[in-house]
Each structure stands twice: as C-alpha cells, then as structure tokens.
Amino acid sequence: MTSSAREPLGQRPELLRMSRIGKTFGGQVVALNDLSLSVQQGDFISLLGPSGCGKSTALRLIANLIQPTAGSIEWQGGQGEGDLGVVFQEPTLMPWARVKDNVWLPFRLRGQSYSSVADKIERALSLVGLQDFKDAFPRELSGGMKMRVSIARALVTRPRLILMDEPFAALDEITRHKLNNDLLSLRESIGCTVIFVTHSVFESVFLSDRIVVMAASPGRVVGELTVDAPYPRSDAFRTSAEYAASASEASAMLVRAMEHAA
Amino acid sequence: MSSPITPEQGSGQLTQSRIDQPVDPLADPVPGHIGGQMYDQISSQDAEKTNGLDVEEERRARQARIVSIARWALPSLLLVILVGSWQAYVTLAEVPHYILPSPVRIAQTLVQDWGILWPALLATARLTFLALLFAIIGGLLLAVAFTQSKWAELAMFPYAVILQVTPVVAIAPLLQIYVDSAFVAALLCAWLVAFFPILANTTIGLKSADHNLRDLFRIYGASRWQTLRLLTGPSALPFFLGGLKIAGGLALIGAVVAEFVIGRAGTGLGLASTLLEASYRFNFGRLYAALILISLMGVAIFGLMSLISYLLLFRWHESALKRES
Ligand SMILES: Nc1ncnc2c1ncn2[C@@H]1O[C@H](COP(=O)(O)OP(=O)(O)OP(=O)(O)O)[C@@H](O)[C@H]1O
Ligand SMILES: [Mg+2]
C-alpha cells in the first residue's frame, strides 16, 4: 500500500475501536478515564501528552497486557496471530541472541522454524538497513541500530497494527531524525497502521496524520489534531510553514492539556 | 509513490550514523560507553598534536603489558621468597621435621607418598564433583519450581534457608548415624553446603528477565516452557554461573568437612582424612602435602568454573566483556 492508495483521513475502514475505556490501578489510581478512539487502517496516530497521562497504559490495553476497568476494545474482524507488533522505549532485545534470532522470535514462538521464515527475516532486516548485521550480537550495535532491530522484529510478521512507546526518546537528535525518516519510508512500503507515543511535539507532527493530545489525572483525551501534509514526507517538510503551524497548534493544545491537569 | 529503503541506501545510512555518533558531543552516549568514548576522543586529539604519534596510546599499551607480566611475576617472586626463607629458617635453626618440615621435605613426601596421596585426591575429587553435580540438579530444579509456583516457594523456601544456615559440621554426625553408607552420608553433607548458592542465585536470575521482554513474550502468546527456555533461562544463566563458582568452592569445603567427621569411621580415603591421620601420627610432611593438594584442587575447581562461565557468556554478557581503556 502506498500513500496515494490510502483513503482520506476519517474515511478509512476501521481497524480498532476503543470505547469509553477506563483503567484504574489498585482501586485508586485512575490512569485512564472515558477514553474513546477509533483507529483506522493506515492511520499514523501519535499519542501526545505529559508524563503520567496514561499513554503507555493505553498501549498496554490495546496489546491485551492489562484489562480495562470499564469500556471495551474491539478489533474489526477479530485480532489474528501476528496482527500486532510492539516497539518499546528500550530496544528490548535478547542480548544472548544474534540479531537474526531476535527478529525470528515472533515466528519462533508460534513454532515456525528459522528456515521456513528466513526470507521474511532477511527482508525485514534489509528494510531497516541491517542485512549485513544479522549475525551480530546486540552489544555490537549502536543504540540506533538496536532500535532498528527492534523495529524489524515488530514488522517481520507484517502486523496490521504497530504500537510504539517512545521508541526514539533515548536517542540523540540526529539519530532520531534519521530514524523518523526511515520509519516513514518503511511504513510507505509495508502500509501498516501505527500508534506512536511521544513527548515531542515535533516528532508527532513530522510523523503522524492524527495527533491525539492527552491530559493527566485522570488520563483522558483532550483534543485531536490532523496533519494534512501528504506522505511521503521528507526533510523539506520539517522547514515548511505547514509544519510550523501544526507544531504551534499542537504545542498550544499541550499547554492547555497541562493547565487542565493543574 | 515512494520506494522502500534499498539495501545500499540502508547500509549507507548506517555507516554514516556510526561515524557521526562519537563526533557529536551533544549526542546521548550509549550507557556504559561514556568513559571509553570520551577518553578515546581526547587521546586521539592529543595524538594529532604530537606529529601523529599516539603517545598516550603507547603509554597505555606499555602499562597494560607491565600489568599482565606483574600478574604472574609478583606472586611467583613472593612465593620464591617465602619458600626460600622457610627453607633457610628450618635449615639454619635446625627445626625438627615433626614440628615444621622444610619445603624440600614436603616435596619429597609428595613424591614418595604419591601412591597414597593420588588415590586420596581422586576420592575427594569424586566426592566433590558428585556433590556439585547433585547441587546443580537440585538447585536448578528447585529454582524452577519456585519461580513456576508461588506456593512451592512459599512452602519450601524457609527450609532451604534453615538447611543452609545450620552449620554442616553439626549435621554431619547425624547423617553418619542415620545413613548407612558413609559415602552417601558424606555426599549428602557436601551437597547440603553446595546447593544453596545455586538455588538462591538461579531463583533471582529467573526473576530478573527484562519486563518488556516478558510483555513481548506474552503478546506473542509464548507458552510457559517457551518463556523458560528462551527468556527466563538465558536471563538466569549469568546468575547461575555466579552461584556455580561459589558452589564449586563450597562443595570442596563440604567434602573436607564430611571426611573429617564421617571419613574417620573406617572408610576414610580422601585427602582430608589422610591429612587428619597424618596429624595424629605427627607425619607433618604428609600433612602439608595433603594440604597443598587440597588447596590446588580448590584453585583448579575455581579455574574450571571460571572457564565454563567465560565460555558460556563471552559472546554477549557484560561481565565477560573486554573493553579497551
Ligand atoms: N501497574 C501499575 N500500577 C499502578 N499504577 C500504575 C501502573 N501503571 C501505570 N500506573 C499509573 O497510571 C498512570 C499512567 O501511567 P502511564 O505509564 O500510562 O503514563 P505515561 O503517559 O505513559 O507516562 P510517561 O510519559 O511518563 O511514560 C500513572 O499515574 C502511573 O503511576
Ligand atoms: Mg509511558
């Protein structure tokens, strides 16, 4: 799927619907309150909000790692095996396994032998530019390269949805820009839906077509912003007026979100 | 329309990012690399100032070479001095050998009594390694049981601790009474001492797997067995090997204690009972010879465990990593 094949925002077939989700931890900490979100196929959604507003909690709910206290999450057509890929803030690789074995993991846990999926692993690694490092151990790679391996592992099963929780937050600015660009090209070539958690207004504007702004205590959605600039986006987009306008709009929403909480 | 990243582009970017990173002073350093990287940078700048001759680097290399020689040379020198003065003292002061045998006499005993010492060494080694083997099996099984079932841990952990803190010297006589075979009693004794570090370390290791990786395994629907084999097991390996190093030494101590307490009852064949017997007979040459062999065995066990640990970890674990600096 490419950008031109994608329907306009809001007219895409629905992939996942979160309806009136509430999540309370230990009976007291209200991490999320009345959160509703319709995720549509091909969306690149950024969840933007202050620390503690429940962004990670929302992703963990979608990944079915925790259960909502209220509300429901429904996948259109049900959730199949390998429909979900996840990238965490840390690369989260198994240090004892070679790069290729780390990428093999999602298949391996389904009982698929390496040889039966070797071509998919090779392809995922070359998509992130690491085909020459498949026999390396994680410790031999730089922080950015480890993150690429993590991304390759998330997309190797061709999931319908990829969840990313501040994946580039620990990287330096230059590496982060590079990975942002590469992430967009990647998505153009495999056409998956992404929910991306970030603290950075600029990152969210550059990457996403929908920015969902959240506020804390209790965690909730306070607004949504669309970025209409067409994909593929290049470095030129970073210096465009449209980018600046969206960034200031998102910043303003974020400031309001912080005031709400205070 | 856009195209996916081609392999050439991909690797080009990578090479660049690898070159870029260390040069950017603002870049977040990779944890653990900070010292090394900054030091390298400074030293390479210095090098350029001194006509491309890397003085700093050369100084460091020389330093490293000296240290690696000293590591062997200094202890050897100390040994020669100590043994030399021992010999001199015994010879000059004419100390009788049944009070303090000279090093030469001990060496002679080692050779002359080899027929007694060698079987004793084998017996002690057999006891030690069997105890260690059972400690590994028992420690691992119990650790896995503890981490698979909260109830098992709640029920049994206190007893594991009690077994560990009760001095083995105090248990040994009981074992001798209730267990018919002296060998089995001795084995139990050594096992008791050796198994706890393996149990405790492996239990912590199995619990220490990265929680994000655990989540990932859950997301991909991993079974318990898959999680144990592919995630918690490998995470526990460095901890287990740490426990193994301790347990190896303790197994020998347990074996020696067992021979002291139990071995006396007629089946005494090992080094420790040989040592004890020699002391009753004022055969101090043989006593020292047996003592030296026990020490050497301890060193050999430690070396072996360290080697095993290195071979299993050197590819990936920080503890086995050699960093330049
Ligand atoms: N397992 C848990 N038990 C108790 N409270 C929790 C748990 N997980 C999250 N919380 C609480 O829920 C709230 C939201 O946490 P969450 O991690 O989702 O925030 P976040 O938006 O991801 O923050 P950050 O940007 O700092 O990562 C916080 O107040 C946190 O303390
Ligand atoms: Mg978070």
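Keep in mind the model is a prediction, meaning the values are calculated, not measured.

Conventions used here
Along each chain, the written sequence defines residue order, and numbers are assigned to residues from 1. Each chain takes a letter, starting from A, and each ligand takes a number, starting from 1, following the order in which they are written. Residue-level local features of this predicted model are given only where pLDDT is at least 70; pairs of side-chain atoms are given and counted only at 80 or more, and the full residue set underlies all totals for whole chains, interfaces and linings. Computation of side-chain values: all heavy atoms of the structure, hydrogens and water removed. Start and end positions for the domains come from either an automated domain assignment or a database one. The contact rule is simple, with two residues in contact once any of their heavy atoms fall within 4.5 Å. Buried area: the sum, over both parts, of the accessible surface (1.4 Å probe) that disappears when the two are put together. Should a side-chain nitrogen of Lys or Arg be within 4 Å of a carboxyl oxygen of Asp or Glu, the pair is scored as a salt bridge. Between N or O atoms, a polar contact is any pair within 3.5 Å; within protein, one atom must be a potential hydrogen donor and the other a potential acceptor, and residues adjacent in sequence are included only when both atoms are from side chains. A helix here means a DSSP run of H or I that spans at least four residues, while a strand means a run of E at least two residues long, and both kinds are numbered starting from the N terminus. We call two strands paired when DSSP finds no fewer than two bridges between them. The convention used is that axes are lines fitted to C-alpha atoms, helices contributing only their stretch in contact, and that angles between N-to-C directions extend from 0 to 180 degrees.

Asker: What's the story with the domain arrangement of chain A in this structure? I'm lost.
Answerer: In many analyses, interface size is given as the accessible surface area lost on bringing the parts together. All names here are of chain A. By domain assignment, chain A separates into domain 1 (22–83 + 159–262) and domain 2 (93–158). Each of domain 1 and domain 2 has a C-alpha centre, and these two points are 25 Å apart. Residue-level contacts link 16 residues of domain 1 with twelve residues of domain 2. Regarding the contact of domain 1 and domain 2, the summed buried area is about 1,200 Å², with carbon and sulfur atoms giving 72% of it. On the domain 1 side of the contact with domain 2, P159, L186 and I190 bury the most area, a combined 39% of that side's loss. Across the contact surface, domain 1 and domain 2 share one salt bridge. Between domain 1 and domain 2 we count one residue pair in polar contact (both at pLDDT 80 or more) in total. Residue assignment for the side of domain 1 that touches domain 2 shows that the elements contributing at least two residues are β6 (161–165) and α5 (173–190).

Asker: What exactly am I supposed to notice about the pairing of strand β9 (residues 220–226) of chain A here?
Answerer: Residues in a regular strand project their side chains so that they alternate between the two faces of the sheet. Residue and element names in this part refer to chain A. Of the strand pairs in this sheet, strand β8 (residues 210–215) and β9 are connected by six bridges, and their pairing is antiparallel. Paired with A215 across the strands is R220, a residue of β9. Connecting β8 to the antiparallel partner β9 that follows it, the hairpin turn spans four residues, and S217 within it adopts a positive phi of roughly 35°.

Asker: Whenever I open this one, the sheet that holds strand β2 (residues 29–40) of chain A confuses me. Can you help?
Answerer: Each strand in a sheet pairs with its neighbour through backbone hydrogen bonds, running either in the same direction (parallel) or in the opposite one (antiparallel). All names here are of chain A. Strands sit in the order β2-β1-β4 across an open sheet of three strands; the sheet is antiparallel. Each having just a single partner strand, β2 and β4 (70–75) make up the two edges of the open sheet. Strand after strand, the sheet turns through a mean of 15° between neighbouring axes, direction not considered. Note that strand β1 (residues 14–25) and β2 share eight bridges and pair antiparallel. Note on β2: the bridge partner recorded for T24 is V30. Against the sheet, helix α1 (residues 55–62) engages β1, β2 and β4, with an angle of about 120° to β1.

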